[in-house]
Amino acid sequence: MFKVTVGLTGLMVGLAGCAGGGDDASASGEGRDGGTLRIIGSSDVEHLDPTAVASVGAYGLTRTFARTLFGTRASNDFQETVPVRPDVAERIPTRENGGVGKDRRTYTVRLREGVQWNTKPPRPVTAQDFVRGFERLCNPAAPSAGKGYFISTLKGMDEFCRGYGDVDGKDPAAMTAYQRGHEIEGVRAKDDRTLVFKLRRPASDFLNLLTLPYTAAAPKEYDAYVPDGAELRRHTISDGPYQITEYRPGLSYLLSRNPAWRAGGDPLREAHVAKIRITLGQDSPEAVQQQIEQGTADLAWDQPVPTSAIPRLRDDPRFAIRETPNNSPYLVFNTRSPNNGGALGRREVRQALEYAIDRSALIKIVGGPSVARPLHTVIPPGNSGYSATDLYPTPGESGDPAKCRELLGQAGRPKLTLKFPYRTNSVHKLIAQSIAENLDACGVETELVADSGGSFYAGTLGTPARARAGEWDIAAPGWVPDWYGNNGRSIIQPLFDGRTYGQNSTNYGGYDNPQVNALIDAALTAPDAERAAGYWQQADQKIMEDAAIVPLLDRAQTLFHSSRVHGAVYLPTTAGYDYTRLWLSGD
């Protein structure tokens, strides 16, 4: 009998040093306004359009300019980051205040006053802007990776999305015409400040879904552009504290204060620095760290603190290890690949490869046991449905190449050659090289291919045609849950629901098991979170029996900021500090 953890009540971090670096002081009014926050790093985001964002970096960036109905508050106390709080919504809807219907399938959300777009002249954000945001989730040009959450939850979303799939994704006029000519039954603007949602069935995590960045309001101006296209990226519109005033794709961003934003109308964000400059193209974590320590930069964009620097920084107040229960990285198999005679589509081949990986070596690469611990399940500790089990144990977490070779021989595939793209930033190259060495010990050759420029997720893993063409066989992405608390579906559904496989899907390997799909449905229709957690755990067990992925590490985030940065408070779902809460001393 496996112990199932519901929400975060059973979280045992097991990572030392998750303190230091930052405080919650900016909320007290002590923050100094002005100055330019300088952020440096490697790759541009895969998607900038809030509808399509799918990475922690994009989540952190869009938080500055795209607001949702609800959200979470950054804090260095992990438990404080979990509760759902109002953002553009006036209050949390409940049955007691009339916001949730007696059948628990109708939610009425009232928008707060004073939230405006930075248009000329500024105009209010309306309920129809949120409806437009939901309609854009299924656009054929850059569909949201999270659309599956809503197809399974909102009335009429499935039908709306299926019809939208037939529209020309290169023609913004055709997409706009479809959205204006069709409605989602479950999303309606009652008036300018009132939204009514109708659910297919009760969903205890529905408000969590409304915190996700791709549910942000979308201004009517976006109808003129291809979603996430080059034109839209140059013309983003803001209702948050900052606006993108200059964007050079792959090179840099400059954000400035949004004059239409009012602090009194935003309970989650602040605005202290005058500008935020993000400079890209620096792949070396060591070079990034050096610049921050020297004071020529303030924060890393997509680079953790270099492993070699961690021992000397442990007592530095600018350094922190922050709790971020995740599955990062994990090894995913392209089950649709035709290479090696379609070997990765066979469960027994994938099961053999489960024994190959030396997790102890990976832990050393990312910073040691204070930063990461080995992971053997799809759901990490501290998430709904977690159960401590290991179906493929190896001595000392160091892999078992003999077992791997034996099982590959039994499967009739003693020799494989696998195409292995890897991210070029951070320590991903070292991780890929370590995994390649492990596979070599099993008699498996790998072809390592650097995948830079922000194309790893959107271009390579998120494009089914490339998977079916055999352009990749294995990869090592990462997954941070979209929310914490009652969050079983934020891991299992986006990564393993075979019915959502398609462009921009995060089910990268094309895994599809009807039994797992049925367990997802059972969890979504469960009467309470505890029973849902049981179904999520069963799904995890089945996915691991199928060896759809090799979980590798549950990894905390290592962060460092310059001496002039203050008010550094953490938001786990972005794996970084909340830029809107930071303030700078000096000039």
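Residues numbered from 1 in each chain as written. Predicted model: local features only at pLDDT ≥ 70, side-chain atom pairs only at ≥ 80, totals over all residues. Heavy atoms only, no water.

1. A few points about the pattern of salt bridges
No. 1: Across all of its chains, the model carries 32 salt bridges by this definition.
No. 2: Salt-bridge contacts for D223 lead to R132; the nearest nitrogen and oxygen are separated by 3.5 Å. Of the two residues, D223 sits in the loop between α6 (206-209) and α7 (230-234) while R132 sits in helix α2 (residues 127-136), which places them 91 residues apart along the sequence. Just as D223 is buried, R132 falls in that class too.
No. 3: Across the salt bridge formed by R499 and D497, the nearest N and O atoms sit 2.9 Å from each other.
No. 4: Residue classification places R499 among the partly exposed residues on the basis of a relative accessible area of 45%.
No. 5: Connected through salt bridges with shared partners, the residues R67, D87, D266 and R269 form a single ionic network. (Salt bridge = Lys/Arg side-chain N within 4 Å of Asp/Glu carboxyl O. Helix = DSSP H or I, 4+ residues; strand = E, 2+ residues; numbered from the N terminus. Buried < 20%, exposed > 50% of the residue type's maximum accessible area, 1.4 Å probe, protein only.)

2. Concerning the packing of helix α17 (residues 489-496) against helix α19 (residues 529-546)
Packed helix pairs are characterised by how far apart their axes lie and by the angle those axes make with each other.
No. 1: The N-to-C vectors of α17 and α19 enclose an angle of 40°; their axes lie 10 Å apart at closest approach. As far as their axial angle goes, α19 and α17 are oblique. The chirality of how α17 crosses α19 is left-handed. Across from R489, I492 and F496 in α17, the residues of α19 making contact are W536, A539, D540 and I543.
No. 2: The class makeup of the residues in the contact of α17 with α19 is five nonpolar, no polar and two charged. (Axes fitted to C-alpha atoms, helices over the stretch in contact; angles between N-to-C directions. Parallel < 35°, antiparallel > 145°, perpendicular 65-115°, else oblique. Left-handed = near helix turned anticlockwise from the far one by under 90°. Contact = heavy atoms within 4.5 Å. Nonpolar A, V, L, I, M, F, W, Y, C, P; charged D, E, K, R; others polar.)

3. Re helix α13 (residues 401-410)
No. 1: Residues of α13 that are buried: C404, L407 and L408. Seen from one end, α13 has its buried residues packed into an arc of 100°, which puts them on one side.
No. 2: Looking at the buried positions of α13, the neighbouring elements they touch are α11 (347-354), β16 (416-423) and β17 (444-451).
No. 3: Following α13 by one or two positions, G412 has its phi on the positive side, about 75°. (Arc of directions from axis to C-beta.)

4. Let's talk about the packing of aromatic side chains
No. 1: On inspection of all chains with the given rule, the structure shows 15 aromatic pairs.
No. 2: An angle of 90° between the planes, with centres 5.5 Å apart, marks the rings of Y355 and Y392 as edge-to-face. A residue pair is termed long-range when its members are at least 10 positions apart, and Y355 in the loop between α11 and α12 (359-366) and Y392 in the loop between β15 (372-374) and α13 qualify at 37 residues. For the residue pair Y355 and Y392, the accessibility class agrees, reading buried in each case.
No. 3: Considering the side-chain rings of Y570 and Y577, the 6.4 Å spacing of their centres and the 85° angle between planes classify their relative orientation as edge-to-face. In this pair, the class of Y570 matches that of Y577, namely buried.
No. 4: Put simply, the rings of Y107, F134, F150, F197 and F206 pair up and form one aromatic cluster. (Phe/Tyr/Trp six-rings, centres within 6.5 Å; stacked < 30°, edge-to-face > 60°.)

5. Some words on helix α14 (residues 428-441)
No. 1: Taking 1.5 Å of rise per residue, the 14 residues of α14 would be expected to cover 20 Å, and the 20 Å separating its terminal C-alpha atoms lies within 8% of that figure.
No. 2: Buried within α14 are the following residues: H428, I431, A432, S434, I435, A436, N438 and L439.
No. 3: Positive phi shows up at G443, right after α14, with a value of about 85°. (Expected span 1.5 Å × (residues − 1).)

6. Quick look at a positive patch on the surface
No. 1: Side chains of R95, K102, R104, R105, K155, R188, K190 and K198 sit close together on the surface and give a patch of like positive charge.
No. 2: Relative to the assigned elements, K190 resides in strand β7 (residues 187-191). (Patch = residues over 30% accessible without salt bridge, like charges linked within 9 Å, V, L, I, M, F, W, Y side chains within 5 Å. Areas by Shrake-Rupley, 256 points an atom, 1.4 Å probe, with all protein chains shown as cover. Lys, Arg positive; Asp, Glu negative; His and termini not counted. Charge placed at Lys NZ, Arg CZ, Asp CG, Glu CD.)

7. Looking at the sheet that holds strand β4 (residues 106-110)
By definition, the strands of a sheet pair up through backbone hydrogen bonds, in either a parallel or an antiparallel sense.
No. 1: With antiparallel pairing, three strands are arranged side by side in an open sheet as β4-β8-β7. At either margin of the open sheet sits one strand with a lone partner, and together these are β4 and β7. Strand-to-strand twist across the sheet, computed as the mean angle between neighbouring axes with direction ignored, equals 25°.
No. 2: Where β7 meets strand β8 (residues 194-198), four bridges bridge the pair, whose relative direction is antiparallel. Bridge pairing in β8 places D191 opposite T194. (Pairing = 2+ DSSP bridges.)

Scope: geometric values only; no functional claims are made or implied.
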